[in-house]
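Below, each chain spelled out in residue letters.
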2 protein chains.
Amino acid sequence: MVKQTLRDFFLGFIKIHILYHAAKEPIYGQKFSDELKRHGYEISFGTLYPIFHKLEGKGLLISKIKNVNGKNRKYYTITKKGNDVLNEARIQAKELVDELFEN
Amino acid sequence: MVKQTLRDFFLGFIKIHILYHAAKEPIYGQKFSDELKRHGYEISFGTLYPIFHKLEGKGLLISKIKNVNGKNRKYYTITKKGNDVLNEARIQAKELVDELFEN
DNA sequence: ATATCAATATCGAAATACGATATTGATATA
DNA sequence: TATATCAATATCGTATTTCGATATTGATAT
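Treat the numbers as computed from the prediction; the structure is a model and nothing was measured. (Residues numbered from 1 in each chain as written. Chains lettered and ligands numbered in written order. Predicted model: local features only at pLDDT ≥ 70, side-chain atom pairs only at ≥ 80, totals over all residues. Heavy atoms only, no water.)

(A) Just the layout of surface pockets, in detail. Approximately 370 Å³ is the volume found for the largest pocket. Along its surface, the largest pocket is lined by 17 residues, and Glu99(A), His17(B), His21(B), Glu35(B) and His39(B) are the ones closest to its centre. Breaking the lining of the largest pocket down by element, the ones donating at least two residues are helix H4 (80-100) of chain A together with helix H1 (2-24) and helix H2 (29-38) of chain B. If one sorts the elements of the lining of the largest pocket by residue count, H2(B) sits on top with four residues. Here the lining of the largest pocket is composed, by residue class, of eight nonpolar, three polar and six charged. (1 Å grid on protein atoms, 1.4 Å probe; cavity = no way out; pocket = protein on both sides within 12 Å on 5 of 7 lines; lining within 4 Å. Points joined across faces, edges and corners; volume = space filled by probe spheres on them. Helix = DSSP H or I, 4+ residues; strand = E, 2+ residues; numbered from the N terminus. Nonpolar A, V, L, I, M, F, W, Y, C, P; charged D, E, K, R; others polar.)

(B) Up close: unusual backbone geometry. Although it is not a glycine, Asn69(A) adopts a positive phi angle of roughly 50°. Structurally, Asn69(A) can be placed in the loop between strand E1 (61-68) and strand E2 (71-78).

(C) Region of the structure containing the side chain of Glu99(B). Considering the arrangement of structural elements, one finds Glu99(B) in helix H4 (residues 80-100). Of the side chains with opposite charge, Lys24(A) lies nearest to the buried Glu99(B), which makes no salt bridge, at 5.6 Å. For Glu99(B), the contacting residues outside a window of four places in its chain are His17(A), Tyr20(A) and His21(A). (Buried < 20%, exposed > 50% of the residue type's maximum accessible area, 1.4 Å probe, protein only. Lys, Arg positive; Asp, Glu negative; His and termini not counted. Salt bridge = Lys/Arg side-chain N within 4 Å of Asp/Glu carboxyl O. Contact = heavy atoms within 4.5 Å.)

(D) Representation of the protein's contact with DNA strand D within the structure. The immediate surroundings of DNA strand D are formed by 21 residues, with Thr47(A), Lys54(A), Tyr49(B), His53(B) and Lys74(B) found nearest. When atoms of DNA strand D within 4 Å of the protein are sorted by moiety, sugar and phosphate together comprise 72%. Ser44(A) has a polar side-chain atom sitting 3.0 Å from a base nitrogen of DNA strand D. Arg73(B) places a polar side-chain atom, nitrogen or oxygen, 3.1 Å from a phosphate oxygen of DNA strand D. Of all the secondary-structure elements, those providing two or more residues to the surface near DNA strand D are helix H1 (2-24), helix H3 (45-57) and E2 of chain A together with H2, helix H3 (45-57) and strand E2 (71-78) of chain B. For the surface near DNA strand D, the leading source of residues is E2(B), giving four residues. Taken together, the residues of the surface near DNA strand D sort by class into three nonpolar, 11 polar and seven charged. (Near = heavy atom within 4 Å. Polar contact = N/O pair within 3.5 Å; in protein donor to acceptor, adjacent residues only side chain to side chain.)

(E) Spotlight on the protein's contact with DNA strand C. If you check the shell around DNA strand C, you find 21 residues, and the closest are Tyr49(A), His53(A), Lys74(A), Thr47(B) and Lys54(B). Of all atoms in DNA strand C that approach within 4 Å of the protein, 72% are sugar or phosphate atoms. With respect to DNA strand C, the side chain of Lys71(A) contributes an N or O atom lying 3.3 Å from a base oxygen. Between DNA strand C and Arg7(B), the relevant distance is 3.4 Å, taken from a phosphate oxygen to a side-chain nitrogen or oxygen of the residue. Sorting the residues of the surface near DNA strand C by element identifies helix H2 (29-38), H3 and E2 of chain A together with H1, H3 and E2 of chain B as the ones contributing at least two each.

(F) Local environment of the pattern of salt bridges. Residue and element names in this part refer to chain A. On inspection of all chains with the given rule, the structure shows six salt bridges over all chains. One salt bridge in this structure joins Asp98 and Lys94, with 3.0 Å as the shortest N-O distance. Highlighted residues: Asp98 and Lys94, both in helix H4, separated by four residues, approximately one helical turn. Classification of Lys94 as partly exposed rests on a relative accessible area of 36%.

Structure (structure tokens):
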């Protein structure tokens, strides 16, 4: 119950993290999901993949299929536009969090 | 377009801020909306009011109608449970933002 | 051939978000 | 007494998002 509430709060944040990680190195769905889980966040593949598609559709990510050990992975990398959005999001996110610690 | 993307990213965050402000003092929809706007965030009343209802339904907020200058306002205050969720959210939010600034 | 396996894609149902419109209820005006 | 006004809240219909479950892909191993 509370867990569901927190997921709701942070789903947007997870989207920012997709951009953040895709800015550091190419990422793919399965692994991103695993790493989220390691940090205590779970997100259904039925939610995650459409998010990737949407971010690519908006031109923030670009994908490239690569075969690794006989498995096809779709690697996403950030675009110039994605980087601009990420930087803006980073600034806003910091402001919002800082405010949570005022008083 | 980018603006819509950023709103999507931050809607969950706005929900945390509702708890945060309701922890400081009783808040009501119209004024919360105005203050968000002052800070550059816009949220439709068709979105905002159901969020208040939902947070109250989950027992994180409690409301009380008060007549001020002949206008009825519904003031929301945080509950004990809401405070617990807020504290957890605050911690998680900080971790997530800090990570955005690593590297 | 076909079974297996990591990975991605998509489905239908439920929930959420949106902008627009309706409702509320107290006061002011006629 | 009616009714106009106004801030504030509520709700409506449509579109979009989220979810868990199921299907598909495609290369390799059996």
